[in-house]
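# Close look at the chain arrangement
Chain by chain, the residues:
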Protein chains: 2
Amino acid sequence: MSQADKMQERGTITPRAENYSQWYLDVIREADLAEPAEVVKGCMVIKPNGYSIWQQIQRDLDDRFKETGHKNAYFPMLIPMSFIEKEAEHVEGFSPELAVVTHAGGKKLEEPYVIRPTSETIIGYFFSKWIQSWRDLPLLINQWANVMRWELKTRMFLRTGEFLWQEGHTAHASHDEAMVEAQKMLGVYADFAEQVMAMPVVKGDKSETEKFAGAERSMTIEAMMQNGMALQSGTSHDLGQNFGRAFDVRFQNRDGELEYVWQTSWGVSTRLVGGLIMTHSDDSGLVLPPRLAPVHVVIVPIYRKAAQRAEVLGAAEKIAAELRAQTLYGRRLDVEVDDREEYKPGYKFYYWERRGVPLRLELGPRDMESRQVMARGRTGTFAEKQAWSWDGLSEKVLSMLEAMQGELLESARARREEMSVQVDDYDQFKSYYGEGRSRFSYAHWCGDAACEAKIKEDTKATIRCIPWEREEESGSCMVCGKPSKGRVLIAKAY
Amino acid sequence: MSQADKMQERGTITPRAENYSQWYLDVIREADLAEPAEVVKGCMVIKPNGYSIWQQIQRDLDDRFKETGHKNAYFPMLIPMSFIEKEAEHVEGFSPELAVVTHAGGKKLEEPYVIRPTSETIIGYFFSKWIQSWRDLPLLINQWANVMRWELKTRMFLRTGEFLWQEGHTAHASHDEAMVEAQKMLGVYADFAEQVMAMPVVKGDKSETEKFAGAERSMTIEAMMQNGMALQSGTSHDLGQNFGRAFDVRFQNRDGELEYVWQTSWGVSTRLVGGLIMTHSDDSGLVLPPRLAPVHVVIVPIYRKAAQRAEVLGAAEKIAAELRAQTLYGRRLDVEVDDREEYKPGYKFYYWERRGVPLRLELGPRDMESRQVMARGRTGTFAEKQAWSWDGLSEKVLSMLEAMQGELLESARARREEMSVQVDDYDQFKSYYGEGRSRFSYAHWCGDAACEAKIKEDTKATIRCIPWEREEESGSCMVCGKPSKGRVLIAKAY
């Protein structure tokens, strides 16, 4: 294959400024993260590069859930149709999206099953068997699972028919305790998003309209994508006693009285991978924070003559072995030596760049003499090539990766600051959301669903949340002028 | 709650000699591993104690798959019905067991989907898009997923409608290479079963009759349960070019010619948890090999007076902290201090015994004075109580757990030897399988499906495999007297 062929094979990435949606799809394709499964409506195949990011996310979150006292379990993916109908708001919210199994084992079923869109109902059923007394509480369960929601408009990772997620389900003896749990888990998500994904988020409450179907109160973390749109990245719900009542989950309290349990549920999904892409990647392809990068470092050996090959490769492998003995954020460094003979170095540079590997080390005959490597970070202040001596290389690599992790978060924070505004005038507000534009607006809102609906109708932007960290500041609703107690976060959202 | 109440709450475990099937269900219930999900036909809930064993299995196998060059991916769980029909034997084998989605998003679907019973077909479809040239081969993929097979007779963990598993799917440029892969992965399973699960297995080929629907050749690991029955614990298939042809997966070989790929698939499932139970557990409940035990050590503090409590608990926590810093088989020791005030020590002993915790340490006021603990292993030579000094306790604990891991394997091996026979006379053979009895028989078989069917009809025992490690020994078929080249393994099976 000629170099020209390879350039073509490489494919192109549409610049963000030209077409952000196409750029997103191009990055996914060129980094080989996933592809649409056009034979299964609205679904996707998560390819190895994409799945290994998800697996890193899983392992990190799983540890955090265990540290906060939760245990994993697994419930059936099929739910009797009648279960979904037991909680009035729940069935209303989910029935348009259900996939239904009507036949099995060659026969028509007496009662159809739905593929779980979420598991509050089936878990509620089992909680009612497991919980008798206050001694059985709190019950703190998490499930890693696939779920299915038959969506009309899908977008890879962000909204697909089937997706992978975790769903926490807990039962408590008091409303207060359930609230503490729901807030705590939102905090776990926020900390994970910022520290691991380097994706800053705003924590807050959903409005009544945007609540989870069946919840008393829904909390969310909202992240800003590079185009100023919001991504709801994780939610945590105070379910009150709604599912307790629907599934008769009662316990004997310390006073000997029967009481319905107070429940929470909370989840994040493969959608996070989409958020990761849209937070950090650039016109050259994927950018990954080191804590989630499946490959931390790629070493590209460079040689002209076959005679140099063995020597350069030998040194590359030696450096790789040294680096692989290092630990970053509790995980061994993952180092690739790209020794493929059929490709030239230039091709390899682009190959790994598109895939978001945080650090590239080049090693050629001249570097052998001066016992150094040429180091180039994928992004930020590290993108300028530097010569690093073999001595102390591991420390350099580790500190550079740690610095890049921090820099990515800072840069996402800075962009968010730049694209956030406080606005009081409704016409000015509307001007922010024309022609596919978005930003984070903080505006006064009276709390009425009518004003919320008007904002959405006029601009397609929605109230993302009532931020937890906001100043109590009296003002007037941007739409109707009625009194407001503080600003809410508004943006277009995925 | 009185002690008597607690004794009752504890429930009973039917002795194995009395009713092995009931014993199995009792152990699952008393160790709180799982429960039937009677509202979803043939399915089960995997409770936290059961799921954490599965998660240990997953992590260990996942590392082994990665070490052998495989990468994880995720494919849709829904498969168009027409896909299943593309490979003639495949559809014949699986169609009686399919669960079918006919409606979704409030509408009847034009083409129904089935919930994957296994993913050869959908993965074949994507392989045909990903593979063009010999350069794209081998393609080595693994998937962790749930699958659904609508079975008539189910048994917890061993055979359930929905189950969790991994399925490896690989494509190769030659039949030889595919065979090497299929054999290698069976070897990975066998090594895992013996080294991690302490469950010895026989590696071998399935007969034509027992092959996977769509395979050229199926290989299996067969383990012996305590009642002499066999458990097919993992399989690896040489798919030949069958799915390559069905899904047009072709590649340009080094000579520039188009050729169908050669594929393999291989899988193990939550069935392994059932095998684990039936290999090691006893009439007192679950027994777990330390490598898979979610909790390695439980410390039970003993005190009569409230005044002693703080002191004993303090020492227990200190010992726990020291142990938690230790690593066994690459995993930190998991240590519980059972400080529950509402239960007495005797109850706690039984509680952890039923759950299979390998080592119990008791710590009372007298032990405090002599700076020791009373140690009791769950099984084998360690079941006798010993006094261990606080000095050098970590080393003692680690070496005891390692020894127990080895002893469990040896004891399972010894039992298998004891319950294995070479048999040549068919009447004698039949006598081994009356009244629910079973053992491993090694007998000559001519290779005819008719004799295989007769064995099954007469005894319910089946040819489990043609063992890889067998002596080439000429003999006569036990059933028909025709020549045979070696002995096959026969047993009743789950």
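Bear in mind that the values here come from a model prediction, so they are computed numbers and not experimental data.

### Focus: the overall build of chain A
Secondary structure summary: chain A contains 15 helices and 27 strands in total. Expected size for 494 residues packed as a compact globule is a radius of gyration near 23 Å; at 25 Å, chain A falls within 12% of this value. Across its three principal axes, chain A shows a C-alpha extent of roughly 80 × 60 × 45 Å. Counting across all 494 residues of chain A, residues that qualify as buried make up 48%. Long-range pairs, those at least 24 residues apart, make up 68% of the contacts in chain A between residues at least 6 apart in sequence.

### Re the pairing of strand E8 (residues 162-172) of chain B
Residue and element names in this part refer to chain B. Most of E8 is tucked away: 10 of the 11 residues are buried. Where strand E7 (residues 139-148) meets E8, 10 bridges bridge the pair, whose relative direction is antiparallel. Note on E8: the bridge partner recorded for Asn-142 is Gly-168. Direction of pairing for E8 relative to strand E14 (residues 262-269): antiparallel, over a ladder of 8 bridges.

### Quick word on the packing of helix H3 (residues 48-67) of chain B against helix H9 (residues 271-280) of chain B
Packed helix pairs are specified by the crossing angle of their axes together with the interaxial distance, meaning the distance between the axes. Residues and elements named next belong to chain B. Packing of H3 against H9 leaves a shortest axis separation of 10 Å and a crossing angle of 105°. By the angle between their directions, the pair H3 and H9 is classed as roughly perpendicular. Contact residues: Gly-50, Ile-53, Trp-54 and Ile-57 in H3; Leu-272, Val-273 and Leu-276 in H9. Looking at side-chain class alone, the contact of H3 with H9 contains 6 nonpolar, 1 polar and no charged residues.

### Brief notes about the interface of chain B and chain A
On the side of chain A, 37 residues touch chain B, which itself brings 37 residues to the contact. When residues of the side of chain B that touches chain A are traced back to their parent elements, those giving at least two are strand E2 (44-46), H3, strand E3 (71-72), strand E4 (78-80), strand E5 (99-104), helix H6 (120-130) and E8 of chain B. At 6 residues, E5 of chain B tops the list of elements feeding residues into the side of chain B that touches chain A. Among the residues making up the side of chain B that touches chain A, the classes are represented as 25 nonpolar, 8 polar and 4 charged. Summarising the sheet, strand E5 (residues 99-104) of chain A and E5 of chain B pair through 5 bridges and their orientation is antiparallel.

### Quick look at the sheet that holds strand E20 (residues 372-377) of chain A
Residue and element names in this part refer to chain A. Spatially, the 5 strands line up as an open sheet ordered E18-E15-E19-E20-E21, and their pairing is mixed. Across the chains shown, the open sheet's two edge strands, defined by having one partner strand only, are strand E18 (335-337) and strand E21 (386-389). Across the sheet, the mean angle separating the axes of adjacent strands is 30° when strand polarity is ignored. Pairing of strand E15 (residues 297-301) with strand E19 (residues 359-363), which is carried by 5 bridges, proceeds in the parallel orientation. In the sheet register, Val-297 faces E19, and the bridge partner there is Leu-359.

### Looking at helix H3 (residues 48-67) of chain A
Along its 20 residues, H3 of chain A runs 28 Å from first to last C-alpha, staying within 8% of the 28 Å computed at 1.5 Å per residue. Along H3 of chain A, the positions that sit buried rather than exposed are Pro-48, Asn-49, Gly-50, Tyr-51, Ser-52, Ile-53, Trp-54, Ile-57, Leu-61 and Phe-65 of chain A.

### Thoughts on the sheet that holds strand E8 (residues 162-172) of chain A
All names here are of chain A. Across the sheet, 11 strands lie side by side as E3-E7-E8-E14-E11-E10-E9-E24-E27-E23-E22; this open sheet has mixed pairing. Edge strands, defined here as strands with exactly one partner in the open sheet, are strand E3 (71-72) and strand E22 (420-422). With 3 bridges joining them, strand E24 (residues 462-467) and strand E27 (residues 487-491) adopt antiparallel strand pairing. Note that in E27 the partner of Cys-465 across the bridge is Leu-489.

### A word on the relation of the copies chain B and chain A
For the match of chain B to chain A, the screw axis carries a shift of 0.0 Å, the RMSD comes to 0.0 Å, and the turn is 180°. Such values leave the two copies arranged in the relation of a two-fold axis. Across chain B, the smallest distance between a C-alpha and the rotation axis is recorded for Val-101 of chain B, namely 2.1 Å. A high fraction, 100%, of the interface residues of chain B reappear at the interface in chain A, so the copies pair face to face through one surface.

### Examining the domain arrangement of chain A
Residue and element names in this part refer to chain A. Along its sequence, chain A is carved into domain 1 (7-280), domain 2 (297-411) and domain 3 (420-491). For domain 1 and domain 2, the distance between their C-alpha centres works out to 37 Å. Within the side of domain 1 that touches domain 2, the residues separate by chemical class into 3 nonpolar, 2 polar and 3 charged.

### Description of the environment of Ala-223 of chain B
Turning to its location among the elements, Ala-223 of chain B is positioned in strand E10 (residues 217-224). Look past the residues within four positions of Ala-223 of chain B in its chain and what remains in contact with it is Ala-193, Met-199, Pro-200, Val-201, Leu-231, Ser-233, Gly-275 and Thr-279 of chain B.

### What about the environment of Ala-453 of chain B?
Residues and elements named next belong to chain B. By the secondary structure assignment, Ala-453 is in helix H15 (residues 449-459). Under the C-beta neighbour-count criterion, Ala-453 is labelled partly exposed, with 13 such atoms within 10 Å. Sequence-wise, Ala-453 and Thr-209 are 244 residues apart; in three dimensions their C-alpha atoms are separated by 9.1 Å.

### Some remarks on the pairing of strand E11 (residues 230-240) of chain A
Residue and element names in this part refer to chain A. With 10 of its 11 residues buried, E11 lies for the most part within the structure. In the sheet, strand E10 (residues 217-224) pairs with E11 via 8 bridges, with the strands oriented antiparallel. By the bridge assignment, Met-219 is partnered in E11 with Ser-236. Counting the residues that bridge the hairpin from E10 to E11 gives 5 residues, and of these Gly-228 lies at a positive phi of roughly 85°. Taken together, the 5 bridges between E11 and strand E14 (residues 262-269) define a ladder with antiparallel strand orientation. Within E14, the position partnered with His-237 by the bridge is Ser-265.

### Quick look at unusual backbone geometry
Residues and elements named next belong to chain A. Residue Leu-137 is joined to Pro-138 through a cis peptide bond whose omega torsion reads -5°. Note on placement: Pro-138 falls in the loop between helix H6 (120-130) and strand E7 (139-148). Even without being a glycine, Asp-32 presents a positive backbone phi close to 60°. Looking at the element boundaries, Asp-32 is found in the loop between helix H2 (20-30) and strand E1 (34-36). You will see that Tyr-329, though not glycine, has its phi angle at about 50°, which is positive. Along the chain, Tyr-329 turns up in the loop between strand E16 (327-328) and strand E17 (331-332). Residue classification places Tyr-329 among the partly exposed residues on the basis of 14 C-beta atoms within 10 Å.

### Focus on the environment of Phe-126 of chain B
Residue position: Phe-126 of chain B is located in helix H6. Each C-alpha atom, one on Phe-126 of chain B and one on Phe-247 of chain B, is 8.8 Å from the other, the two residues being 121 residues apart in sequence. In this structure, Phe-126 of chain B is in contact with Val-45 of chain A together with Phe-75 of chain B, ignoring residues within four places of it in sequence.

### What about the confidence of the model for chain A?
Residue and element names in this part refer to chain A. Averaged over all residues, the pLDDT of chain A equals 95, while 98% of them reach at least 70. Overall, residues 1-9 carries pLDDT values under 50, and its contacts beyond four positions in sequence, including any with other chains, amount to 4 contacts. For this predicted complex, the interface score ipTM comes out at 0.96, while the overall pTM is 0.96.

### Notes on helix H7 (residues 175-195) of chain A
Quick reminder: α-helices carry 3.6 residues per turn. Residues three or four places apart thus point the same way. Residues and elements named next belong to chain A. In a regular helix each residue adds 1.5 Å, so 21 residues correspond to 30 Å; H7 covers 30 Å between its end C-alpha atoms and thus fits that length. Residues of H7 that are buried: Ala-178, Glu-181, Ala-182, Met-185, Leu-186, Val-188, Tyr-189, Ala-190, Phe-192 and Ala-193. Looking at the buried residues of H7, the elements they touch are H3, E8, strand E9 (201-205), E10, E11 and E14.

What counts and what doesn't
- Residues numbered from 1 in each chain as written.
- Chains lettered and ligands numbered in written order.
- Predicted model: local features only at pLDDT ≥ 70, side-chain atom pairs only at ≥ 80, totals over all residues.
- Helix = DSSP H or I, 4+ residues; strand = E, 2+ residues; numbered from the N terminus.
- Rg over C-alpha atoms; globule rule 2.2 N^0.38 Å.
- Buried ≥ 20, exposed ≤ 12 C-beta atoms within 10 Å, placed from the backbone.
- Contact = placed C-beta atoms within 7 Å.
- Pairing = 2+ DSSP bridges.
- Axes fitted to C-alpha atoms, helices over the stretch in contact; angles between N-to-C directions.
- Parallel < 35°, antiparallel > 145°, perpendicular 65-115°, else oblique.
- Nonpolar A, V, L, I, M, F, W, Y, C, P; charged D, E, K, R; others polar.
- Expected span 1.5 Å × (residues − 1).
- Least-squares fit on C-alpha atoms with pLDDT ≥ 70 in both.
- Domains from an automatic or database assignment.
- pLDDT = per-residue confidence, 0-100.

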